[in-house]
Amino acid sequence: MNKKAPWQDELEAQDEDFKPLTPEEAQAWRRRNPPVSVWRIVAGQVAVGALVALLAWGISGQARVGWSAAYGALCVAIPAVIFARGVTRGGMAVGAGAAMTRLFGWELVKLVLCIAMMAAAPHVVRDLSWLALLAGVVAVMKTYWIALLVRSGVRKTV
């Protein structure tokens, strides 16, 4: 007896509802959902990092707090630049496996570089403020969410 798992029935139901787009529908979808440049996101990260550093300096009145926040922002922004460069150079990958390998390989480089920069922070920034560094890291990481929210076409469904 060939008994199906409950999730298999659900998959089959979804397959029945699937309707491929016509070329005109696909073109209209692309117009409504233009691709976001990775470089715009990186530029946004740098801008947010500079703003957080200036705010930290201005609120605390101490340059060391501003430099700590700036270095925290750089701990995310510099690896993001290297990731973006690595993923976008060399043209299209030949196949899904190669694309995933490239993506995860550069993500690993980004993660290791971020951790190494944070570990080096006490040696790079004099009188480091860990709280300000953390504020810089968190603020710049959150720009990915901001980029998704302000992207044109995200809220449109038709």
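Residues numbered from 1 in each chain as written. Predicted model: local features only at pLDDT ≥ 70, side-chain atom pairs only at ≥ 80, totals over all residues. Heavy atoms only, no water.

1. What about the side chain of S68?
- In this structure, S68 sits in helix α4 (residues 63–88).
- There is a polar contact of 2.9 Å between the side chain of S68 and the backbone nitrogen of S129.
- With near-sequence residues (within four places) excluded, S68 lies in contact with V125, D127, L128, S129, A132 and L133. (Helix = DSSP H or I, 4+ residues; strand = E, 2+ residues; numbered from the N terminus. Polar contact = N/O pair within 3.5 Å; in protein donor to acceptor, adjacent residues only side chain to side chain. Contact = heavy atoms within 4.5 Å.)

2. Observations regarding the packing of helix α3 (residues 38–60) against helix α7 (residues 143–150)
- Taken N-terminus to C-terminus, the directions of α3 and α7 make an angle of 125°; their axes are 10 Å apart at the nearest point. Between α3 and α7, the crossing angle belongs to the class labelled oblique. Here the hand of the crossing between α3 and α7 comes out right-handed. Two secondary-structure elements touch here, α3 through I41, G44, Q45 and V48 and α7 through T143, Y144 and A147.
- In terms of residue class, the contact of α3 with α7 is made up of four nonpolar, three polar and no charged. (Axes fitted to C-alpha atoms, helices over the stretch in contact; angles between N-to-C directions. Parallel < 35°, antiparallel > 145°, perpendicular 65-115°, else oblique. Left-handed = near helix turned anticlockwise from the far one by under 90°. Nonpolar A, V, L, I, M, F, W, Y, C, P; charged D, E, K, R; others polar.)

3. Thoughts on the environment of W67
- By the secondary structure assignment, W67 is in helix α4.
- For W67, a relative accessible area of 53% translates into the label exposed.
- The spacing of W67 and S129 is 62 residues in sequence and 8.7 Å in space, taken between C-alpha atoms. (Buried < 20%, exposed > 50% of the residue type's maximum accessible area, 1.4 Å probe, protein only.)

The values are spatial; any link to function lies outside them.
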